[in-house]
Amino acid sequence: MTTAAFLNVEHSLLGRRWVGPSDAEHRAAEALAQQSHLPLPLCMLLAKRGVEANAIDGFLAPSLRDLLPDPLMLRDMKKAAERLISALTVHQKIAIFADYDVDGGASAALLLIWLREMGHQATLYIPDRIDEGYGPNVEAMQALAAAHDLIICVDCGTLSHEPIAAARAADVVVLDHHLGAETLPSALAVVNPNRQDEDGALSHLCAAGVVFLLLVETNRQLRALGQTGPDLMGFLDLVALATVADVAPLIGVNRAFVRQGLKVMARRERLGLRVLADCARLDTAPSAYSLGFVLGPRINAGGRIGQADLGARLLATTDPHEAQALAQRLEVLNNERREIEAAVRVQALAQAQARGLDGPLVWAADDGWHPGVVGIVAARLKEATHRPAVVIGFDGDQGKGSARSVAGVDLGAAVQRLALEGLLQKGGGHKMAAGLSLSRDQLEAAMARLAELLGRQGAGQAGPQDLNIDSLLMPSAATAGLIEQIESAGPFGASASAPRFAFSAQAVSGRRIGENHLRLNFSDGLGPKLDAIAFGVMEGPLAALENAGAARYHLAGRLELNHFGGRTKVQLRLEDAARAES
C-alpha cells in the first residue's frame, strides 16, 4: 500500500514525489520529545537515526574515549605496530607509499608527522595517476625496497599481490580500507577492516582512520616499553578531513573523529590547512561542508591533474614558504580541474541521456577524458540520476574509469566481481566508490554485466521522483537556536544526511542573483519572512519562483546559518518546490 504524498505533492516542480516520515517515526519522535524536552524536529532526526531516549546525550556529544574501538580488533594490527617500533628502534629506513587522493594524502601526512615527532624522516612516494595508475606497481616497489627496510602502503595495497611480492628486499605493511579479495598479498601485515576475514564492525573506516588506530596501538606499545609517543588528539584534523572527503559513513567512531577533528582544525595549528583555508577565503569555522567541498577538492587537485604528492606535502609541512607555494599551486590546479570537469560533465551527461537514464546504471565513456576528473563527473551523474554511475576516459585502446554509488548498493563488490570474471583488466574499491581499467573491446560487456549485478541489489528502483522530507516547519520556528540544536546531531554527510524541512503554502518573492542563482524570501503571513537560496537553478523548473506572483508554494530544503557582512541570518538552502493547491 502506497502512503499518501507529503503535503499531497505527487509531482513537484522538479518532478518529484514528496515522502514524509512514517507513522512509526512520528510516534517515536513524539515520545523522544516528551522524555527529553528537545524540539520535535530534532527528535524526528534522532528517531530516524534509531536513537533511544537513554542514548540521546551520548549521541549529541559523541566522545572519542567512548567510541574509539580497540585497535587490536583488526587483524595484523599488533604485528604492524611492532614492526613500526622496531624500525624506529634500529633507525631503519621507512618509505610511505600512498594513494593520490585526500584519504591517501592525509594518511601519509599522519605517518610523516608522527615519525617526524619521533625523530625519524620517512620517504614519501605517491604514484602519478596517468603514468602509473592507482596503487603499488612493480617498478616503484622494487626501487623503494632496494633503498628502504620498511614500506608502508596507505589507502592502497590490499589487491597488489604482484607489486608487493616484488618488494621482497623490504618488509611491507598495508594500511587500507578497500575491499579485499579471497587471498591477501605477501605483506608482513595487512590491516584492513574490509578484509574478507574481518567481521565488518569497522568497515566504515577510511584509510586515515585505520592509520590513526595503528598510531594508537603503537603509542600503547611504546608506553609498555617506558616510552612516550606523540599526542594523537592533535592529529584528528587530518582524520576528519579524510573521513569526510572520502565520503566515509558518518556513523560510530567516524562521527567522533569528525566532531573532534573540526575542533582541532578550528585552532588553525596545522600550517598547511591554515594556509589552504586562507587561499580558499574560508572565513568561517570549519565544517563538514568545508572539508568536503572547499578544502578536499583543493588537496585532491594535485593528484587529479598535477603533481600527485602536493596535497600530502602540504598537510605535513612545517615550512611557511613551502606551505604558501603548495597552497597557491593547488588553488591554480583546482581552478584548472573545474574547467576540465565542466567540459567532460556536459559531454558525459549528454551521452548518458542518449543511452537512457531509467536502468540500474548510468555510464559514459569517450576518448581523451582526463582520468583525473572522471570520478567527479561520475559523482555528478550519480547525483543527477540517483543511480550508480561510471565514467571512463580512453587513451587509445586503454580506458581508466571511476564509479560512484548510491546508498544501499555495494559498488566495490560488483566491480571486483567483474575483474574476477575477466570483464575488466583491473578493478576494486569500496561500497560507495570504485576504480577500474579495461580495454575498449571489454566496455559494452562490462557495463552490461555491471548493470545486471547492481540491478540485483535494487539500483535504479528508488528514482529521482522521491524526495524525503523529515519535518514540516513554520518560518517562525526556523531559528538560529533550532539550527544549533540540529547541528548537535551532526556532523552531516554520507549515511547521515542533514534533515530536510518543508514549509507549506508560502507566499514567495524571488530574484535572480549572479548568472544562474535564485534568492527568495517567503512567508506564511503569520510571522516573519525567511530567506532562501537556490544555486544553479535559473535554467530549470525552479526558475518559476522568480515570478511566483500571488501563487503559493510548498518549499523544501535544508536550514543553514548565512554569515555575511558581519551578520548571521537563518536561510533555507532550497532543493525543491511545488505549487500549493488552492
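Figured I'd write up the structure that's included with this text. Because the structure is predicted, anything quoted here is derived from the model rather than measured.

1. Focus on the packing of helix α13 (residues 288-305) against helix α15 (residues 320-355)
No. 1: Contact pair α13 / α15: the axes reach a minimum separation of 8 Å and the direction vectors enclose 70°. Between α13 and α15, the angle falls in the class roughly perpendicular. Side by side, α13 and α15 meet where P297, R298, I299, A301, G302, R304 and I305 of the first sit next to L330, E331, L333, N334, E336, R337, R338 and I340 of the second.

2. So, unusual backbone geometry
When glycine is set aside, most residues are seen to have a negative phi, and most peptide bonds are trans.
No. 1: Residue G490 is joined to P491 through a cis peptide bond whose omega torsion reads 5°.
No. 2: Mapping P491 onto the fold places it in the loop between α19 (480-487) and β14 (501-513).
No. 3: Located in the positive-phi region is H386, a residue other than glycine, with phi close to 60°.
No. 4: Relative to the assigned elements, H386 resides in the loop between α16 (374-385) and β8 (389-395).
No. 5: On the accessibility criterion, H386 (28% relative accessible area) is partly exposed.
No. 6: Its identity as a non-glycine residue notwithstanding, S495 has a phi of 65°, on the positive side.
No. 7: By the element assignment, S495 lies in the loop between α19 and β14.

3. Regarding the packing of aromatic side chains
The geometry of an aromatic ring pair is captured by the separation of the ring centres together with the interplanar angle, meaning the angle of the planes.
No. 1: Evaluated as defined, the whole model comprises four aromatic pairs.
No. 2: Cation over ring: R355 sits above W363, and NZ or CZ is 3.6 Å from the ring centre.
No. 3: Across from the ring centre of F394, 4.5 Å away, lies the NZ or CZ of R440, which sits over that ring.

4. Concerning the sheet that holds strand β4 (residues 150-154)
No. 1: Read from one edge to the other, the open sheet built from five strands follows the order β3-β2-β4-β5-β6, with strand pairing classed as parallel. Since the sheet does not close on itself, it has two edges, and those belong to β3 (123-125) and β6 (189-191), each with one partner. Across the sheet, the mean angle from the axis of one strand to that of its neighbour is 15°, orientation sign disregarded.
No. 2: Of the strands in this sheet, β4, β5 (171-175) and β6 touch helix α9 (residues 207-224), which is tilted by about 120° from β5.

5. A word on the sheet that holds strand β9 (residues 398-404)
No. 1: Spatial strand order, β7-β8-β9-β11-β10: five strands in an open sheet with mixed pairing. Lying at the two open borders of the sheet, with one neighbouring strand each, are β7 (362-367) and β10 (426-429). Each strand of the sheet is rotated relative to its neighbour by a mean of 15°, with strand direction disregarded.
No. 2: Relative to β9, β8 runs antiparallel, the two being bridged by seven bridges. Across the sheet, residue A389 finds its bridge partner in β9, namely R404.

About the cut-offs
Residues numbered from 1 in each chain as written. Predicted model: local features only at pLDDT ≥ 70, side-chain atom pairs only at ≥ 80, totals over all residues. Heavy atoms only, no water. Axes fitted to C-alpha atoms, helices over the stretch in contact; angles between N-to-C directions. Helix = DSSP H or I, 4+ residues; strand = E, 2+ residues; numbered from the N terminus. Parallel < 35°, antiparallel > 145°, perpendicular 65-115°, else oblique. Contact = heavy atoms within 4.5 Å. Buried < 20%, exposed > 50% of the residue type's maximum accessible area, 1.4 Å probe, protein only. Phe/Tyr/Trp six-rings, centres within 6.5 Å; stacked < 30°, edge-to-face > 60°. Lys NZ or Arg CZ within 6 Å of the ring centre and 35° of its normal. Pairing = 2+ DSSP bridges.

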